[in-house]
Number of protein chains: 2
Amino acid sequence: MLSDIEIAQAATLQPIYDIARQLGLAPADLHLYGNHMAKLTQATVNHLHQQPIRAKLILMTAISPTPAGEGKTTTTIGLTDALNKAGYHALACLREPSMGPVFGMKGGATGGGYAQLVPMENINLHFTGDFHAITAANNLLAALVDNHIYHGNALQFDTISWRRCMDVNDRALRRITINQPIFYDTGFDITVASEVMAIFCLATDLADLTHRLGRIQVGISSQGTPIYASDLQAEGAMTALLKEAFQPNLVQTLEGSPALVHGGPFANIAHGCNSLVATQTALRLADYVVTEAGFGADLGAEKFMDIKCRQSGLRPDMAVVVATVRALKYHGGVEVADVNTENLSALSVGMANLKKHIDNLRQHFGLPVVVALNHFTADTDAEVALIQSAVASWGSSLHICRHWAAGGAGALTLAHAVATLAQQPATPTLLYDNALSLTEKLRTIAQSLYGAKDVTFGEQAAQQLHALAEASQGLPVCIAKTQYSLSCDTKLRNVPVGHSLHVRELRLSRGAGFVVAVCGDMMTMPGLPKQPASSRISVDANGRISGLS
Amino acid sequence: MLSDIEIAQAATLQPIYDIARQLGLAPADLHLYGNHMAKLTQATVNHLHQQPIRAKLILMTAISPTPAGEGKTTTTIGLTDALNKAGYHALACLREPSMGPVFGMKGGATGGGYAQLVPMENINLHFTGDFHAITAANNLLAALVDNHIYHGNALQFDTISWRRCMDVNDRALRRITINQPIFYDTGFDITVASEVMAIFCLATDLADLTHRLGRIQVGISSQGTPIYASDLQAEGAMTALLKEAFQPNLVQTLEGSPALVHGGPFANIAHGCNSLVATQTALRLADYVVTEAGFGADLGAEKFMDIKCRQSGLRPDMAVVVATVRALKYHGGVEVADVNTENLSALSVGMANLKKHIDNLRQHFGLPVVVALNHFTADTDAEVALIQSAVASWGSSLHICRHWAAGGAGALTLAHAVATLAQQPATPTLLYDNALSLTEKLRTIAQSLYGAKDVTFGEQAAQQLHALAEASQGLPVCIAKTQYSLSCDTKLRNVPVGHSLHVRELRLSRGAGFVVAVCGDMMTMPGLPKQPASSRISVDANGRISGLS
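Residues numbered from 1 in each chain as written. Chains lettered and ligands numbered in written order. Predicted model: local features only at pLDDT ≥ 70, side-chain atom pairs only at ≥ 80, totals over all residues. Heavy atoms only, no water.

An unreviewed UniProt entry annotates chain A as Formate--tetrahydrofolate ligase originating from Methylophilus rhizosphaerae. Quoted verbatim from the Sequence similarities (unreviewed entry) field of UniProt, the annotation for chain A is "Belongs to the formate--tetrahydrofolate ligase family." UniProt lists a comment for chain A under the heading Catalytic activity (unreviewed entry), and it reads "(6S)-5,6,7,8-tetrahydrofolate + formate + ATP = (6R)-10-formyltetrahydrofolate + ADP + phosphate". (UniProt positions renumbered as here; feature names shortened; annotations may be inferred.)

As structure tokens, then:
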């Protein structure tokens, strides 16, 4: 069986000009990055955003992730390919991969099997440089803060809250001590967790980008007042660093479907959606836009709705929930080693996780839902039949997908179901009213979506709750918690009961326009595993990479 | 008078395909980055390197830099334009700008006036992402070191010597304390000072790149033996991060001359030359290749010869030394505020600096030399005549250049002189024999080139000299010292006498194949000035930058 990179390297890619032509775009609308990657020019993006929305927006989300794998990205790609194969005009809208996981445990983020984005090596490594631009803008601001203090310039800092970032899994940088110009503790987050990444993904245009960058809070003065990036005149230079990156990237799937891949906050420690600019652009270029929200629906879909849709006014027309037999059995108590063995009773138990996510999407967000069952060869007919009838009894439909093995042809029934359902009128809603207090927002999310009995605050968070009472008014909350559980305890599978959402820390992301609530022992800088994926990667004399996954 | 960025933005650029065609390259030889920047594909580079060298190689160097400005990059560009205007086939080979100075004091590094590389904003900001790739490779290795220790893997570290890097002027990162997995002091260097940058610029091909990366020494084990990047299986993944970047970048001058701009170590804290791959490629694509070595000839030209030429076997055919009346008056004791006032006596004194550099290049490197006088409007006829006759009396020739104001047309006499002289047979030599001890190499450079009476070692350097005695055998030395003086004291202008070269620290760059000698209080991470250039930069709604210089 071929590895993902072998399949990707064996593919014959179409010139990106031809992919663009499918979308009605001319060569002048593109900045090329080689023959197979391009950015849409800012002028083209600005022009398109003046046009009315044409596409139905389909939100791809999933059950709570497990080590058994679900395949949300492959299903996004497979569905897009299937829609195009069936004659609909579809465009995928995805996040860019972070290099942290590429060299760590998870690997890349361009799909797998016959449902991949290509050129996979480039997209997984640097791509068009967007994350590096975000890193550079973030770290220029940090340098300007310390430099201001060093030179004894006008602002008197009492607290420096701005952290540096890097697109790497480097545990040792989580907490560092700076020795000059003053001695203080700080650290690095992974770039996908940076507020600059969030701003990049939520800004409507270059002017809004500059405005949001300027209102980043970097610290508190000795008079107790907030200090902003604009106080350091940083926002212009930061925008200059970001302006090329801010243009959405166009690539293709193995079957030649177009995909806009742009921005990439993680959904556990950040807000989890590709850039608003890419989504807004996509909605003018196709009839169906399939967009992925990271991790499970409790994280990705919630933030997609309550942050991205709230700020932009966008609303999806429906949601697809991805599940696998293996993962549902895992939620039902089966260990990873045994997920390939038929186990109907464990499956019955684990289906509660799927039902909870479907209920959440329908009841709390008003979204029509279908289920995509990402099929694995070990799945038995009895298992599939069990889920299928359960999903039907919940008033939804389940579609078996074999895009991993068969590309778009493997997801045609899903495509037809989606194309039909997305045309039905829906009344999507947001979960909470922005006028609620921060505590009330947190409680609403925890109780309605996570099934928690309450929200608790650690000492630091309790102080911050008080301190941020005014500044957090009217801002949605971005919960940073584990993706592996509906609770904030990684080990609680399926649908935990009796748990509380414990908030350890609150961080105001004033430029992004939300408050981050760090729950449990969540880290905003991952570490590498004992045997990092990097040790298996090599390059031959012609530049061909092997070992990347 | 228009600013550099206004001149650059007003220019009509040629499609990069047309620039490539001048060099005999076809569209298939290029990876485009928009319409005006491209990388030569690895296959094209590999193929060209099989061909015989066709071009004469002209080394552009300068007197000791001053705050009055010399204009080495503008002269490299102006000379290339002039050679092409005169019907010679010329190609410039330059370093990529670092973003540290762009937001700090110096500004960009794409020339000025009517002798500029374009698109200047892109080249100065991110360009094709090469420096970010180098940063990522450097920092992946750092993460792998700490991760190895965290997981208690096989290697036992006593000392971690590998530092992180970033392409920013961030003084606060010079010395940081890491708190986990173990408590230790380390820091960040600016990316242009990283050993990975040096390796990138000295590697002959991808296989050599991988090999050199693997032999980077990252620390010492508790058994006292060196630990290498290859012990962490890091070199394959690092090469994967660098493989796109490793392909040379093609851009154009305002007059449409081709330029390969690739790699960019500073010449004060690193070895100061563009990539070997770019130079080797350039020598197969034109009849004259003009390449710049950073800062004054004591630093840039010395390292060009003793490191790059020594390792590669390349030899230049001649050198051009850039000087200005203003800078020579500054060396003669005039302050910056007064350099526009005629002062023949100060000029006479300051010409000693020019003479010393010419003598060094001729006597110690066997290079034919001409002088390019980069003309400023305040220069008087008497001043120009004084230098002209002096240079003639030294057996060389001086050519007045007005490329800053007039482009290639302003440097035609220099072009004809260079085209003639480069055809004469020359016998370039290296300064020292590699079999000498490290101390003897340092003494040779200090006494022959810098006019120092001796070399002294600080306590740390003395210990390292002993510890590195074996490992440094057969390796050239890379001196990190101020560019502003032939000595290692920034304040000593012109031709200092009676000074010693004080070595503070020695660092083995085993992958790059040299030993770095840090002299004086040299920093490998610059800081920003009191009023950083970043505060003047802004971007309009269409993405047009202003304030970049």
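Let's pick the thread back up.
(A) Up close: the overall build of chain A. Looking only at helices and strands, chain A has 19 helices and 25 strands in total. The globule rule puts the C-alpha radius of gyration for 549 residues at 24 Å, and the 22 Å found for chain A is close to it. Out of the 549 residues in chain A, the part that is buried amounts to 65%. As presented, chain A carries roughly 17700 Å² of accessible surface, and 52% of it is formed by carbon and sulfur atoms. (Helix = DSSP H or I, 4+ residues; strand = E, 2+ residues; numbered from the N terminus. Rg over C-alpha atoms; globule rule 2.2 N^0.38 Å. Buried < 20%, exposed > 50% of the residue type's maximum accessible area, 1.4 Å probe, protein only. Areas by Shrake-Rupley, 256 points an atom, 1.4 Å probe, with all protein chains shown as cover.)

(B) Inspection of the packing of helix 8 (residues 195–202) of chain A against helix 9 (residues 206–214) of chain A at higher detail. Residue and element names in this part refer to chain A. Following both chains from N to C, one finds helix 8 and helix 9 inclined at 150°, their axes separated by 9 Å at the closest point. Taken together, the axes of helix 8 and helix 9 are roughly antiparallel relative to one another. Along this stretch, helix 8 crosses helix 9, giving a crossing that reads as right-handed. Residue-level inspection shows Val 196, Ile 199, Phe 200 and Leu 202 of helix 8 in contact with helix 9, the latter providing Asp 208, Leu 209, Arg 212 and Leu 213. For the contact of helix 8 with helix 9, the per-class residue count stands at six nonpolar, no polar and two charged. (Axes fitted to C-alpha atoms, helices over the stretch in contact; angles between N-to-C directions. Parallel < 35°, antiparallel > 145°, perpendicular 65-115°, else oblique. Left-handed = near helix turned anticlockwise from the far one by under 90°. Contact = heavy atoms within 4.5 Å. Nonpolar A, V, L, I, M, F, W, Y, C, P; charged D, E, K, R; others polar.)

(C) A look at the pairing of strand 3 (residues 56–62) of chain B. Residue and element names in this part refer to chain B. For strand 3, the buried fraction is high: six of the seven residues fall into the buried class. Sheet analysis places strand 3 next to strand 16 (residues 288–292), joined by five bridges and oriented parallel. Within the sheet, the bridge partner assigned to Leu 59 lies in strand 16 and is Thr 291. Relative to strand 17 (residues 318–323), strand 3 runs parallel, the two sharing five bridges. Note on strand 17: the bridge partner recorded for Leu 59 is Ala 319. (Pairing = 2+ DSSP bridges.)

(D) Up close: helix 10 (residues 235–242) of chain B. Of all the eight residues making up helix 10 of chain B, seven are buried; the element is thus mostly covered by neighbouring parts of the structure. Within the span of helix 10 of chain B, buried status applies to Gly 236, Ala 237, Met 238, Thr 239, Ala 240, Leu 241 and Leu 242 of chain B. Elements in contact with the buried residues of helix 10 of chain B: helix 5 (99–103), strand 24 (538–539) and strand 25 (545–546) of chain A together with helix 7 (130–150), helix 8 (195–202) and helix 9 (206–214) of chain B.

(E) Structural context of empty space enclosed by the protein. For the structure on display, the rule yields eight cavities of 30 Å³ or more. Forming the walls of the largest cavity are 21 residues, and the residues nearest its centre are His 132 and Thr 135 of chain A together with His 132, Thr 135 and Met 166 of chain B. For the lining of the largest cavity, the element with the highest residue contribution is helix 7 (residues 130–150) of chain A, accounting for five residues. Among the residues forming the lining of the largest cavity, the class breakdown is 12 nonpolar, seven polar and two charged. (1 Å grid on protein atoms, 1.4 Å probe; cavity = no way out; pocket = protein on both sides within 12 Å on 5 of 7 lines; lining within 4 Å. Points joined across faces, edges and corners; volume = space filled by probe spheres on them.)

(F) Geometry of the side chain of Thr 191 of chain A. Residues and elements named next belong to chain A. When you line up the elements, Thr 191 lands in the loop between strand 11 (188–190) and helix 8. A polar side-chain atom of Thr 191 sits 2.8 Å from a polar atom in the side chain of Thr 135. Within polar-contact distance, the side chain of Thr 191 engages the backbone nitrogen of Asp 167 at 3.1 Å. Apart from the residues within four sequence positions on either side, Thr 191 is in contact with Phe 131, Ile 134, Thr 135, Cys 165, Met 166, Asp 167 and Met 197. (Polar contact = N/O pair within 3.5 Å; in protein donor to acceptor, adjacent residues only side chain to side chain.)

(G) Quick look at the interface of chain A and chain B. Every contact between the two is made by 65 residues of chain A and, on the other side, 65 residues of chain B. A combined buried area of about 5500 Å² lies between chain A and chain B, and 60% of that area is made up of carbon and sulfur atoms. By the criterion of area lost to chain B, the three top residues of chain A are Arg 171, Asn 179 and Lys 530 of chain A, representing 10% of everything that side buries. The tally of links from chain A across to chain B stands at two salt bridges. (Buried area = accessible area lost by both parts, 1.4 Å probe. Salt bridge = Lys/Arg side-chain N within 4 Å of Asp/Glu carboxyl O.)

(H) Structural context of the relation of the copies chain A and chain B. In screw terms, the move from chain A to chain B is a rotation of 180° and a rise of 0.0 Å along the axis, fitting with an RMSD of 0.0 Å. In short, the pair behaves as if placed about a two-fold rotation axis. A share of 100% of the interface residues of chain A reappears at the interface of chain B, consistent with the copies meeting face to face through the same patch. (Least-squares fit on C-alpha atoms with pLDDT ≥ 70 in both.)

(I) Quick peek at the packing of aromatic side chains. Following the criterion strictly, the structure yields six aromatic pairs over all chains and no others. Looking at Lys 481 of chain A, its charged tip hangs above the ring of Tyr 450 of chain A, at a distance of 4.8 Å from the centre. The ring centre of Tyr 150 of chain A lies 3.6 Å from the NZ or CZ of Arg 171 of chain B, which sits over that ring. (Phe/Tyr/Trp six-rings, centres within 6.5 Å; stacked < 30°, edge-to-face > 60°. Lys NZ or Arg CZ within 6 Å of the ring centre and 35° of its normal.)

(J) Quick peek at the environment of Ile 7 of chain A. Residue and element names in this part refer to chain A. Looking at the element boundaries, Ile 7 is found in helix 1 (residues 4–10). A C-alpha to C-alpha distance of 8.9 Å links Ile 7 and Gln 116, two positions 109 residues apart in sequence. Aside from chain neighbours lying at most four places away, what touches Ile 7 is Leu 2, Gly 113, Tyr 114, Gln 116 and Leu 254.

(K) Geometry of the sheet that holds strand 12 (residues 217–221) of chain A. All names here are of chain A. What the three strands build is an open sheet, ordered 7-12-13; its pairing is antiparallel. Strand pairing shows two members of the sheet lacking a second neighbour, strand 7 (157–160) and strand 13 (226–228), which therefore form its edges. Mean inter-strand twist for the sheet, computed between neighbouring axes without regard to direction, equals 35°. Pairing analysis gives three bridges linking strand 12 to strand 13, with the strands arranged antiparallel.

(L) Structural detail: the UniProt feature "binding site: ATP" (unreviewed entry) in chain A. Residue and element names in this part refer to chain A. UniProt annotation of "binding site: ATP" (unreviewed entry) refers to Thr 66, Pro 67, Ala 68, Gly 69, Glu 70, Gly 71, Lys 72 and Thr 73 when read in the numbering used here. By the element assignment, Thr 66 lies in the loop between strand 3 (56–62) and helix 4 (72–85). Here Thr 66 falls in the buried class, since its relative accessible area comes to 7%. Filtering out sequence-adjacent residues up to four positions away, Thr 66 remains in contact with Ala 327, Tyr 330, His 331 and Tyr 484. Only 2.8 Å separates the side chain of Thr 66 from the side chain of Glu 70, close enough to count as a polar contact. Its location among the elements puts Gly 69 in the loop between strand 3 and helix 4. A residue is classified by how much of its surface remains accessible, and Gly 69, at 24% relative accessible area, is partly exposed.

(M) Layout of the sheet that holds strand 7 (residues 157–160) of chain B. All names here are of chain B. Taken together, the three strands give an open sheet; going across it, the order is 7-12-13, and neighbouring strands pair in antiparallel fashion. Of all strands in the sheet, those with a lone pairing partner are strand 7 and strand 13 (226–228), marking the two edges. Neighbour to neighbour, the strand axes of the sheet diverge by 35° on average, direction disregarded. By the bridge criterion, three bridges tie strand 7 to strand 12 (residues 217–221) in an arrangement that is antiparallel. The residue of strand 12 that forms the bridge with Ile 160 is Gly 219. Here helix 7 sits on the sheet and contacts strand 7 and strand 12; the angle it forms with strand 7, its principal contact strand, is near 155°.

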